[in-house]
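# Close look at the chain arrangement
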Amino acid sequence: MTPRAGGQRTPGDGAADDELVRAASHGDHQAFAALIRRHQRLIDAACATVIPAAEERRDAVQEALRDIWRGLASFRGEAAVSTWMYTVARRSSLRSLRRLPAPDPDRAPSVDPGPENAVATREAVRWALGRLPGDAREALLLHTQAGLSMAQIAELQIVSVGTVKSRVSRARQTLRELLGES
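Given the structure is predicted, the values throughout are model-derived calculations rather than measurements.

Rules used in this analysis
- Residues numbered from 1 in each chain as written.
- Predicted model: local features only at pLDDT ≥ 70, side-chain atom pairs only at ≥ 80, totals over all residues.
- Heavy atoms only, no water.
- pLDDT = per-residue confidence, 0-100.
- Contact = heavy atoms within 4.5 Å.
- Core = buried A, V, L, I, M, F, W, Y, C linked by side-chain atoms within 4.5 Å.
- Buried < 20%, exposed > 50% of the residue type's maximum accessible area, 1.4 Å probe, protein only.
- Helix = DSSP H or I, 4+ residues; strand = E, 2+ residues; numbered from the N terminus.
- Arc of directions from axis to C-beta.
- Phe/Tyr/Trp six-rings, centres within 6.5 Å; stacked < 30°, edge-to-face > 60°.
- Salt bridge = Lys/Arg side-chain N within 4 Å of Asp/Glu carboxyl O.
- Axes fitted to C-alpha atoms, helices over the stretch in contact; angles between N-to-C directions.
- Parallel < 35°, antiparallel > 145°, perpendicular 65-115°, else oblique.
- Left-handed = near helix turned anticlockwise from the far one by under 90°.
- Nonpolar A, V, L, I, M, F, W, Y, C, P; charged D, E, K, R; others polar.

### Thoughts on the confidence of the model for the protein chain
Per-chain confidence: the protein chain averages 82 in pLDDT, with 80% of residues scoring 70 or above. Note on residues 1-8: pLDDT is under 50 here. Beyond four places in sequence and across chains, it has 16 contacts.

### Overview of the nonpolar core
Counting residues in hydrophobic clusters, the biggest one holds 52 residues, and the most contacted among them are Ile43, Met85 and Leu142. When contributions to this core are tallied by element, the ones reaching two or more residues are helix H1 (17-25), helix H2 (29-50), helix H3 (54-71), helix H4 (81-98), helix H5 (118-131), helix H6 (134-144), helix H7 (150-157) and helix H8 (161-178). Apart from residues no more than four positions distant in its own chain, isoleucine 43 is found in contact with Ile36, Ala64, Leu65, Ile68, Met85 and Ala89.

### What about H1?
Buried within H1 we find Asp17, Leu20, Val21, Ala23 and Ala24. All buried residues of H1 project into a common sector of 170° when viewed along the axis, lining one side. Contact partners of the buried residues in H1: H2, H3 and H4.

### Let's talk about unusual backbone geometry
Backbone phi values are negative for most residues with the exception of glycine, while trans is the configuration of most peptide bonds. With a phi close to 55°, isoleucine 158 is a non-glycine residue in the positive phi region. By the element assignment, isoleucine 158 lies in the loop between H7 and H8. Judged by its relative accessible area of 73%, isoleucine 158 falls in the exposed class.

### Considerations on the packing of aromatic side chains
In the structure shown here, the tally under the stated rule is two aromatic pairs. Seen from their ring centres, phenylalanine 32 and tryptophan 69 are 4.9 Å apart, and the 75° between their planes marks the pair as edge-to-face. Highlighted residues: phenylalanine 32 in helix H2 and tryptophan 69 in helix H3, separated in sequence by 37 residues. Take phenylalanine 32: its relative accessible area is 14%, and that puts it in the buried class. Measuring from ring centre to ring centre gives 5.1 Å for phenylalanine 75 and tryptophan 84, while their planes differ by 55°; the resulting arrangement is tilted. The exposure class of phenylalanine 75 is buried, given its relative accessible area of 17%.

### Points about the side chain of serine 96
Here serine 96 lies in helix H4. Judged by its relative accessible area of 6%, serine 96 falls in the buried class. Contacts of serine 96, omitting those with residues within four sequence positions, involve Ile51, Ala60 and Glu63.

### Some points on the pattern of salt bridges
For the structure on display, the rule yields six salt bridges. Linked by salt bridges that have partners in common, Arg66, Asp67 and Arg95 make up one network.

### As for the packing of H2 against H3
Two measures define how a pair of helices packs: the angle their axes make with one another and the distance between the axes. With their axes 10 Å apart at the nearest point, H2 and H3 run at an angle of 135° to one another. Overall, the two elements H2 and H3 adopt an arrangement that is oblique. Judged by the sense of rotation from one axis to the other, the crossing of H2 with H3 is right-handed. For the pair H2 and H3, contact is made by His29, Phe32, Ile36, Gln40, Ile43, Asp44, Cys47 and Ala48 and by Arg57, Ala60, Val61, Ala64, Leu65, Ile68 and Trp69, respectively. Here the contact of H2 with H3 is built from residues that sort into 11 nonpolar, two polar and two charged.

### Section: the environment of valine 125
Checked against the element boundaries, valine 125 lands in helix H5. Measuring from C-alpha to C-alpha, the distance between valine 125 and leucine 179 comes to 7.5 Å, with 54 residues separating the pair along the chain.

### Details of the packing of H2 against H4
For the pair H2 and H4, the least separation of the axes is 8 Å and the interaxial angle reads 40°. With respect to H4, the axis of H2 lies oblique. Considering only the axes of H2 and H4, their crossing is right-handed. Along its contact with H2, which presents Leu35, Ile36, His39, Leu42, Ile43, Ala46, Cys47, Thr49 and Val50, the element H4 presents Val81, Ser82, Met85, Tyr86, Ala89, Arg90, Ser93, Leu94 and Leu97. The class makeup of the residues in the contact of H2 with H4 is 13 nonpolar, four polar and one charged.

Here's what the structure looks like:
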């Protein structure tokens, strides 16, 4: 616990998730910040599974953080805090997605490798990610972007570890095919 103005103590970064949630749900902004620092990659990945474009995803992440803050008081602890935050962020992103204009799914950007074409390459990867089945895209992004283990992803997706491995493998193979790599 760290001292706060007025002599009160607030949980620090080393506190357990449930302690941080309890403090944050009572208005402790430092506890909320510590909780978000701990789970930021997971929140970002949850939003990325729905909205691959970084510019549009920034707004979705902000909405997700707002929704997590507002929902803390109703968190009952029936699931892990990380699972709950992931679910809230994903739902928030789905709401944000409905407000975005639909991209042309048949227009594939050209991929011309090289540092001078980094923007075009990123666009091509975003396009290819958008073509993946949702469960495979989600598993791939949770593994590569959020750094979750196959077991952690299996818990979030409520499937077996073997299913997650298969989804990640299929997603990588499909990306190679869509991007014209062997």
